[in-house]
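Chains, contacts and geometry: an overview
Given next are the chains, with one letter for each unit.
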Amino acid sequence: MTVSAVPSDRHPGAGMVISTVAPDRRPDSGAAISVGSLIRPAAGRLSLAVLAGVGAAGAAVALTACSAWLISRAALHPPVLHLMVAIVAVRACGLSRGVLRYLERLVGHDAAFRILTDVRVRLWTRLERLAPAGLADFRRADLARRLAADVDAVLDLITRVVLPYAVAGVIGLASVLVVGVLVPVAGLALAVALLVVGAGVPVLQRAAARRADGRLAPLRAELATGVVDLLHGLPDLAAYGATRDRLDRLAAVDARLTDTSRRSAATAGLGAAVTALSTGAAVLAGLVAGAVAVRSGSLPGELLALIVLTPLAVFEIAAPLPTAAQRWATARVSLRRLTELWQTPDPIHDDPSSTPTAAAARKNDDASPGPARGNSGLAVPEMRVDGVTAGWVGGRTAINGVDLVLPSGGRVALVGPSGSGKSTVAALLVRFLDPREGRVTMDGRDLREIPADEVRRVVGYLPEDSSLFDTTIGDNLRIGRPGASDTDLREALRQARLLDWVETLPDGLDTLVGEHGMALSGGQRRRLALARLLLGDARVLIFDEPTEHLDDETAAALTRDLMAAAGERTVLLITHRTDLTGLAVTRLR
Ligand SMILES: Nc1ncnc2c1ncn2[C@@H]1O[C@H](COP(=O)(O)OP(=O)(O)OP(=O)(O)O)[C@@H](O)[C@H]1O
């Protein structure tokens, strides 16, 4: 169990309660994402789909076999009653085939979508845990491909690899047994041809494609990353006349992708050709061996058609196997890419030593001293950074032995040259990162004892590049507090000194802000992000260079408004500004 400090629901804004968090709420990581681990949550449904698929494919093969026997037998003009069982069997197989096929598709896709949902939820939970520090090694477009295309490959894996192989395996074996009992040589020929299609062709394809299928996903990700980079940096590239060079590099990746796709398509064609040849060989072998058996009297003549035509029906079911094997090669790479994301080390580690006893010991209702309170009764914790060393990627150190005190309700400025680690300190205070050495504490408690989402409820962070989403002002604000009323939104806008402007807009809170808030001015974007932060319940506010890129007058006005809006909450202002009147200053070197 971990101990968490959260604002009390009973006394909103008036106190802190300690909640306990079950360890199983923490997203797990570690084991690789394998086919087995994917299938497990929907194993029952998937078995049902395989059963329905086997039924449908069995009905198709039986339909061909019964029809072949029926036509041959009918040619001998027996009493019609002798044909009744076969006639009924043909009708039953014809009708059940469609129904069972429908059932297989329905249940199979239902299972696949359940598995997909499970994977998506697990990955997004993991992503939430990793962001932002744990994702520093991933490029955004690549990450987007992992979360979209690579996750979609899981759907392919279930419906186009696992199901066809399972069904073809069962039906192939049953057909080989039936044909083999009647004419052993024909059974053997069918078995060999099926092995060639199901196993030999994929091996051949793999050799011919030289792992081209496995290279498709990384190459597509590389192309997507290049395109996104190009679009983002287009104005700069155009200004430096470097667009051509970038386009050439993209064209080179595109050429590699086209070449790989072509090789992959060529091997698919090769697979189809070998499958057709194998089918023909099995039919021919059946015909010769069957004819010999009929002549020697070991096989009734009317069964010859069954021996010859059954392989045709079986190969209709086995024909998708080479494509399935190719998809498996692609899906395996996608699973590896998802596993890389899944196994990315946590940037933060909850302290396992925090116990319910610790929670009980610290339980602070209104009677306990608890954190300091302002005039309104708002519990505002004191935060300290004591001798902290920390870094983002690999072993690189971003800050070394940093100390900082944020007294309850205090106003502190964190200044220092660019790259000295100011934003890293902010990241530590909101638990995007944990220290490698030293401690970050809230009212004396190590932040590692408090789940990250609970820390972020108490400590609000306005990053340098706050994101606005391409939706309305109201929707952007409600990210700060889902379910907030329009009155709450207006109050937050008023505190951020944006209400007067919003009231002049014809659509008011429903005004669209454009992609990344491009329809607003720089100052309006910052104020809107500030209003969103104020709407939440945070008692410690961290403003990371909120006035960057603003003119002096606007910057001074915004800083004044930030301080006024913060009220009795603690403020940490990360800034390059020189006017630090009224702020306790901590300097990084
Ligand atoms: N999200 C991140 N991922 C990886 N490394 C990072 C990240 N943020 C910061 N760093 C690294 O940490 C070091 C300190 O950067 P930081 O942004 O904390 O400095 P800063 O003082 O805030 O700089 P500035 O004033 O330019 O914003 C730098 O070497 C930087 O490369």
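Because the structure is predicted, anything quoted here is derived from the model rather than measured. (Residues numbered from 1 in each chain as written. Predicted model: local features only at pLDDT ≥ 70, side-chain atom pairs only at ≥ 80, totals over all residues.)

We now examine the overall build of the chain. From N to C terminus, the chain includes 17 helices and 11 strands. A total of 589 residues make up the chain; the buried ones form 39% of that total. Within the chain, counting contacts between residues at least 6 apart in sequence, those at least 24 apart form 79% of the total. (Helix = DSSP H or I, 4+ residues; strand = E, 2+ residues; numbered from the N terminus. Buried ≥ 20, exposed ≤ 12 C-beta atoms within 10 Å, placed from the backbone. Contact = placed C-beta atoms within 7 Å.)

Below, the discussion takes up the sheet that holds strand S3 (residues 383-390). The 4 strands are arranged S4-S3-S6-S7 in an open sheet whose pairing can be described as antiparallel. The sheet is open, and its two borders are formed by strand S4 (399-406) and strand S7 (445-446), each paired with just one other strand. Along the sheet face, helix H11 (residues 422-429) touches S3, S4 and strand S6 (437-442) and points at about 120° away from the line of S3. (Pairing = 2+ DSSP bridges. Axes fitted to C-alpha atoms, helices over the stretch in contact; angles between N-to-C directions.)

The subject of this paragraph is helix H16 (residues 522-535). In this model, H16 (14 residues) spans 20 Å end to end at C-alpha, consistent with the 20 Å of a helix rising 1.5 Å per residue. For H16, the tally of buried residues reaches 11 of 14 residues, placing the bulk of the element in the interior. Inspection of H16 places Arg525, Arg526, Arg527, Leu528, Ala529, Leu530, Ala531, Arg532, Leu533, Leu534 and Leu535 among the buried residues, and these make up the whole buried set. Buried-residue contacts for H16 involve strand S8 (459-462), helix H13 (473-478), helix H14 (486-495), strand S9 (540-544) and helix H17 (552-566). (Expected span 1.5 Å × (residues − 1).)

With respect to spatial proximity, 13 residues lie near the ligand, and among them Trp392, Ala398, Ser418, Ser423 and Thr424 are the closest. Class assignment of the residues belonging to the shell around the ligand gives a composition of 5 nonpolar, 7 polar and 1 charged. (Near = placed C-beta within 6 Å. Nonpolar A, V, L, I, M, F, W, Y, C, P; charged D, E, K, R; others polar.)

At a minimum axis separation of 9 Å, helix H7 (residues 243-296) and helix H9 (residues 321-342) run at an interaxial angle of 150°. With respect to each other, H7 and H9 are oriented roughly antiparallel. H9 is crossed by H7, and the crossing has right-handed handedness. Between H7 and H9, the residues in contact are Ser264, Ala268, Gly271, Ala272 and Thr275 and Pro322, Thr323 and Gln326, respectively. The residue makeup of the contact of H7 with H9, split by class, is 3 nonpolar, 5 polar and no charged. (Parallel < 35°, antiparallel > 145°, perpendicular 65-115°, else oblique. Left-handed = near helix turned anticlockwise from the far one by under 90°.)

Feature annotation in UniProt places "transmembrane region" (unreviewed entry) on residues 48-71, 83-100, 162-182, 188-205, 265-291 and 303-322, given in this structure's numbering. For the annotated span residues 48-71, helix accounts for 100% and strand for 0% of the residues, and the straight-line distance between the end C-alpha atoms is 34 Å. Here residues 162-182 is 100% helix and 0% strand, with 31 Å between the C-alpha atoms at its ends. (UniProt positions renumbered as here; feature names shortened; annotations may be inferred.)

As a further point, take the sheet that holds S9. The sheet built from 5 strands is open, its strands ordered S8-S9-S10-S5-S11 with parallel pairing. The open sheet terminates on both sides in strands that have one partner only, identified here as S8 and strand S11 (584-587). With strand direction ignored, the average angle separating the axes of adjacent strands in the sheet is 20°. Bridge count for strand S5 (residues 411-415) against strand S10 (residues 570-574) is 4 bridges, and the pairing is parallel. For Val412, the partnering residue across the bridge sits in S10 and is Leu572.

A separate point is the packing of helix H2 (residues 43-74) against helix H8 (residues 304-318). Put simply, H2 and H8 touch, their axes get as near as 9 Å, and they point 160° apart. Taken together, H2 and H8 sit at an angle that is classed as roughly antiparallel. Relative to H8, H2 is oriented so that their crossing is right-handed. Contact residues: Ala57, Ala60, Val61, Thr64, Ala65, Ala68, Trp69, Ile71 and Ser72 in H2; Ala305, Leu306, Leu309, Thr310, Leu312, Ala313, Val314, Glu316 and Ile317 in H8. Its residues placed into classes, the contact of H2 with H8 shows 14 nonpolar, 3 polar and 1 charged.

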